[in-house]
Amino acid sequence: MTEEGYNKILAEINYLESVKRPEISAQIAEARDKGDLSENAEYDAAKEAQGILEGKIAQLKGLIANARLIDEKQIKTDVVQIMNKVKLKNVANGAVMTYTLVSDSEANLKENKLAISTPIAQGLMGKKVGDVAEIKVPSGILKFEIMEISI
């Protein structure tokens, strides 16, 4: 995991614990004040939201506990590896795209961050600039020419 991704998760945990948790506690207290809990839908909904929130916090803390930070200074660009930004050209249609290969927890296609466990990322691993990677995907085989590897 990158330091940026690590810090992003820490910030999310902090937000959930310091903002969302008190909000839900207040909702539970308000619903409890309304009387009979056995027929109180607001109370049930607030308790369910609390359970979901606590599950999310536990999941994020587990992710942080098992994270290994990658030293970006040790990343090389001679072959494709995790944390590289790879500029690709689809051989079939000529489309050019750039992806950064990241850990599964940091993957975000909107930001062009591709999880290292995906078939495309796996097919690119170890390739050099100029290589053509033939990658088997559910829709068939895609061919990508590696145009550039950077950090």
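As a reminder, the structure under discussion sits directly above these lines.
Criteria and cut-off values
- Residues numbered from 1 in each chain as written.
- Predicted model: local features only at pLDDT ≥ 70, side-chain atom pairs only at ≥ 80, totals over all residues.
- Heavy atoms only, no water.
- Pairing = 2+ DSSP bridges.
- Helix = DSSP H or I, 4+ residues; strand = E, 2+ residues; numbered from the N terminus.
- Axes fitted to C-alpha atoms, helices over the stretch in contact; angles between N-to-C directions.
- Expected span 1.5 Å × (residues − 1).
- Buried < 20%, exposed > 50% of the residue type's maximum accessible area, 1.4 Å probe, protein only.
- Contact = heavy atoms within 4.5 Å.

Draft legend 1. Region of the structure containing the sheet that holds strand β3 (residues 113-115). Read across the open sheet, the 5 strands follow the order β3-β2-β1-β5-β4; overall the sheet is mixed. Each of the sheet's edge strands pairs with one partner strand only, and the pair in question is β3 and β4 (132-137). Adjacent strand axes in the sheet meet at a mean angle of 45°, parallel and antiparallel pairs treated alike. For β4 and strand β5 (residues 140-150), the ladder comprises 6 bridges, and the chain directions are antiparallel. Its bridge partner lying in β5, V132 is registered against E145.

Draft legend 2. View of the pairing of β5. Pairing between strand β1 (residues 85-90) and β5: 6 bridges, direction antiparallel. Looking at the pairing, N90 lines up with F144 of β5. Counted along the chain from β4 to the antiparallel partner β5, the turn is 2 residues long.

Draft legend 3. Inspection of helix α2 (residues 41-65) at higher detail. The end-to-end C-alpha distance of α2, which contains 25 residues, comes to 36 Å, matching closely the 36 Å that a straight helix rising 1.5 Å per residue would cover. When α2 is considered as a whole, its buried residues turn out to be Y43, A46, L53, I57, L60 and I64. Turning to α2, the residues buried within the fold contact α1 (3-32).

Interpretation in functional terms is not warranted from these geometric data alone.
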